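# Fold and geometry: a report
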Amino acid sequence: MGENSEIETLNAICREAKAQGKLSGKNLTDLYELFGQRFTKALDALKENRVKKYTFKPSGRTVWIVVGRERDYLLMPEAEFCTCDDFYFRVLDRKVHLCYHLIAQKFARNLGWFETIEETDELYASLMEEWKKATP
Ligand SMILES: [Zn+2]
């Protein structure tokens, strides 16, 4: 499999799902074949409404979080970056391109399957500190 094929395939399926407003049976099959357990975990996160988009006012800054079993994971989707161990050890090792949090976030954004939480800018620094704390 090529260097960027996971991301490209995921983006293609996201575009299709966005146009359809849902994931088709074929999408689910393809995604499971491509990502296996990572897709199952991403789907669980989506179903359990664990993908959160924080919007800070008045700056309009946004932060994406996936609430995990033990802690919250901070994502930087533009950079395909996540603060989880899975990302740190395997993605940087180029064994795995995307952790399940990033997969979940892409579907959340494209299908609107996320919760928006509004906070004030005063809380931005302390929340970011909290989210970044567990980064290895
Ligand atoms: Zn992650």
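Scroll up a little and you will see the structure.
Definitions and cut-offs
- Residues numbered from 1 in each chain as written.
- Predicted model: local features only at pLDDT ≥ 70, side-chain atom pairs only at ≥ 80, totals over all residues.
- Heavy atoms only, no water.
- Donors = N, O, S within 2.8 Å, 3.2 Å for Na, K, Ca; no water.
- Tetrahedral: all angles 85-135°; square planar, octahedral: opposite > 155°, others 65-115°.
- Helix = DSSP H or I, 4+ residues; strand = E, 2+ residues; numbered from the N terminus.
- Buried < 20%, exposed > 50% of the residue type's maximum accessible area, 1.4 Å probe, protein only.
- Salt bridge = Lys/Arg side-chain N within 4 Å of Asp/Glu carboxyl O.
- Axes fitted to C-alpha atoms, helices over the stretch in contact; angles between N-to-C directions.
- Parallel < 35°, antiparallel > 145°, perpendicular 65-115°, else oblique.
- Left-handed = near helix turned anticlockwise from the far one by under 90°.
- Contact = heavy atoms within 4.5 Å.
- Nonpolar A, V, L, I, M, F, W, Y, C, P; charged D, E, K, R; others polar.
- 1 Å grid on protein atoms, 1.4 Å probe; cavity = no way out; pocket = protein on both sides within 12 Å on 5 of 7 lines; lining within 4 Å.
- Points joined across faces, edges and corners; volume = space filled by probe spheres on them.

This part is about the coordination of the zinc ion. Looking at the zinc ion, one finds its protein donor set to be C82 (SG), C84 (SG), C99 (SG) and H101 (ND1), positioned 2.1 to 2.3 Å from the metal centre. For the zinc ion, the four donor atoms in the first shell make angles of 101 to 114° at the metal, a pattern classed as tetrahedral. Each donor residue of the zinc ion lies on one chain, and together they are spaced C-x1-C-x14-C-x1-H. With a gap of 17 residues between them, C84 in the loop between β4 (81-82) and α4 (85-91) and H101 in helix α5 (residues 100-111) connect regions that are remote in the sequence. Neither residue differs from the other here; C84 and H101 are each classed as buried.

On to the pattern of salt bridges. Overall, the coordinates contain eight salt bridges when judged by the stated rule. Notably, a salt bridge pairs D30 with K26, separated by 2.7 Å at the nearest N-O pair. Placement of both D30 and K26 in helix α2 (residues 25-35) is noted, with a separation of four residues, approximately one turn of the helix. Taking relative accessible area as the criterion, D30 reaches 26% and is therefore assigned partly exposed. Its salt-bridge partner being K52, residue E115 comes within 2.5 Å of it at the nearest N-O pair. With E115 in strand β5 (residues 115-120) and K52 in strand β1 (residues 51-57), the pair connects residues that are 63 residues apart, well separated along the chain. Among the residues examined, E115 registers a relative accessible area of 32% and is labelled partly exposed.

Attention shifts here to the packing of helix α1 (residues 5-20) against α5. With their axes 9 Å apart at the nearest point, α1 and α5 run at an angle of 25° to one another. What the angle tells us is that α1 and α5 run roughly parallel. By crossing handedness, the relation of α1 to α5 is classed as right-handed. Along the contact surface, α1 presents L10, N11, I13, C14, A17 and K18, while α5 presents I103, K106, F107, N110 and L111. The class makeup of the residues in the contact of α1 with α5 is seven nonpolar, two polar and two charged.

Next up on the list: the layout of surface pockets. Over the atoms rolls a probe the size of a water molecule, and its path tells where empty space is left. Estimates place the volume of the largest pocket at around 280 Å³. For the largest pocket, the lining is made up of 15 residues, of which K41, R69, Y73, Y100 and H101 are closest to its centre. Looking at the lining of the largest pocket, the elements with two or more residues in it are α3 (37-47), α4 and α5. Looking at the lining of the largest pocket, the element that brings in the most residues is α3, giving four residues. Of the residues contributing to the lining of the largest pocket, the split by class is three nonpolar, two polar and ten charged.

Structural measurements only, silent on function.
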